[in-house]
Amino acid sequence: EDKVVQSPLSLVVHEGDTVTLNCSYEVTNFRSLLWYKQEKKAPTFLFMLTSSGIEKKSGRLSSILDKKELFSILNITATQTGDSAIYLCAGTPFYNTDKLIFGTGTRLQVFP
Amino acid sequence: EAGVTQFPSHSVIEKGQTVTLRCDPISGHDNLYWYRRVMGKEIKFLLHFVKESKQDESGMPNNRFLAERTGGTYSTLKVQPAELEDSGVYFCASSRNRVEQFFGPGTRLTVL
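Keep in mind the model is a prediction, meaning the values are calculated, not measured.

A. Structural context of the overall build of chain A. Across its full length, chain A carries 0 helices and 11 strands. Each helix and strand of chain A, ordered N terminal to C terminal, gives the series β-β-β-β-β-β-β-β-β-β-β. In terms of overall dimensions, chain A is globule-like: its C-alpha atoms have a radius of gyration of 13 Å, near the 13 Å expected for 112 residues. Projected onto the principal axes, the alpha-carbon positions of chain A cover approximately 45 × 30 × 20 Å.

As structure tokens, this is what we get:
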């Protein structure tokens, strides 16, 4: 059965710290990996990765995919309290790119 | 552009009762998805509409769940009769291009 595993489950840091969130996947005929940020209610899209080794960046957030080792990381540098959220990782198979297979998420708490 | 909206935010019902959840996608988005997160577990795919047609309903748990999207605009998800294990957060998402899915804030369903 396809699955996505995220670690750690929870992370508590101080503002200014850099964090790395991990996502490993076992998805049949893997197509892409997506990262979402869920602050209060609706998950919001961060990145979609389809190619190995190509970093995607958005401000202080960056992400990379390793299709050989079947994992992705999400880095957040110089964390701020506004980064506190649940970060969700999801894989999609080639046969159905609409079907997001989510991990349980990493809860990040950033304290001043 | 207004986001995906869901109604109600929270519903508390007794086992055996019927509940109907509603999702209004972003205008112009032909693709509409339902997901569910049961406490402590990952968000799981339920089904996918393209306009009014069910493209994939492989994630629907059983025949107590009925999803409709008459006219290809808003969608409803009915649970009848509700069981305790149906409790969770039901998310709706919509997409124009089937790449990025925009999520709604979810409906929290509590079955007592």
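Resuming the write-up.
B. Examining the overall build of chain B more closely. A count of helical and extended segments in chain B gives 0 helices and 11 strands. Sequence-ordered secondary structure for chain B, helices as α and strands as β, is β-β-β-β-β-β-β-β-β-β-β. Relative to its length of 112 residues, chain B is compact, with a C-alpha radius of gyration of 13 Å against a globular reference of 13 Å. Its C-alpha atoms give chain B principal-axis dimensions of about 40 × 25 × 25 Å. Sequence-distant contacts, at least 24 apart, represent 52% of the contacts inside chain B between residues at least 6 apart. On chain B, roughly 5500 Å² of surface is accessible, and the fraction owed to carbon and sulfur atoms is 48%. Across chain B, 14 positive and 13 negative side-chain charges occur, with their mean positions spaced 2 Å apart.

C. Fine view of the interface of chain A and chain B. With 17 residues of chain A at the interface, the matching set in chain B holds 20 residues. Between chain A and chain B, a total of about 1600 Å² is buried, with carbon and sulfur atoms accounting for 53% of that surface. Between chain A and chain B we count 2 salt bridges in total. The interface formed by chain A and chain B contains 7 residue pairs in polar contact (both at pLDDT 80 or more). Only β4 (30-38) and β5 (43-49) of chain A provide two or more residues apiece to the side of chain A that touches chain B.

D. Structural view of the pairing of strand β2 (residues 10-13) of chain B. Residues and elements named next belong to chain B. Only one face of β2 is covered, namely the face carrying Ser-11 and Ile-13; the face carrying His-10 and Val-12 is uncovered. In this sheet, strand β11 (residues 107-111) lies alongside β2 in parallel orientation, the contact comprising 4 bridges. Its bridge partner lying in β11, Val-12 is registered against Thr-110.

E. The arrangement of the layout of surface pockets in detail. Taken as a whole, the largest pocket spans an internal volume of roughly 520 Å³. Lining the largest pocket are 25 residues, and of these Gln-38 of chain A together with Arg-37, Val-89, Phe-91 and Arg-108 of chain B lie nearest its centre. Of all the elements in the fold, those that place two or more residues in the lining of the largest pocket are β9 (85-93) and β11 (106-111) of chain A together with β9 (88-95) and β11 of chain B. Class assignment for the residues of the lining of the largest pocket results in 9 nonpolar, 10 polar and 6 charged. Taken together, 15 residues line the second largest pocket, and the ones lying closest to its centre are Glu-1, Asp-2, Lys-99 and Ile-101 of chain A together with Lys-44 of chain B.

F. Representation of the confidence of the model for chain B. Residue-level pLDDT values for chain B average 94, and 99% of them are 70 or greater. Per-element mean pLDDT across chain B ranges from 93 in strand β6 (residues 53-56) of chain B up to 98 in strand β8 (residues 75-79) of chain B.

Conventions adopted
Residues numbered from 1 in each chain as written. Chains lettered and ligands numbered in written order. Predicted model: local features only at pLDDT ≥ 70, side-chain atom pairs only at ≥ 80, totals over all residues. Heavy atoms only, no water. Helix = DSSP H or I, 4+ residues; strand = E, 2+ residues; numbered from the N terminus. Rg over C-alpha atoms; globule rule 2.2 N^0.38 Å. Contact = heavy atoms within 4.5 Å. Areas by Shrake-Rupley, 256 points an atom, 1.4 Å probe, with all protein chains shown as cover. Lys, Arg positive; Asp, Glu negative; His and termini not counted. Charge placed at Lys NZ, Arg CZ, Asp CG, Glu CD. Buried area = accessible area lost by both parts, 1.4 Å probe. Salt bridge = Lys/Arg side-chain N within 4 Å of Asp/Glu carboxyl O. Polar contact = N/O pair within 3.5 Å; in protein donor to acceptor, adjacent residues only side chain to side chain. Buried < 20%, exposed > 50% of the residue type's maximum accessible area, 1.4 Å probe, protein only. Pairing = 2+ DSSP bridges. 1 Å grid on protein atoms, 1.4 Å probe; cavity = no way out; pocket = protein on both sides within 12 Å on 5 of 7 lines; lining within 4 Å. Points joined across faces, edges and corners; volume = space filled by probe spheres on them. Nonpolar A, V, L, I, M, F, W, Y, C, P; charged D, E, K, R; others polar. pLDDT = per-residue confidence, 0-100.

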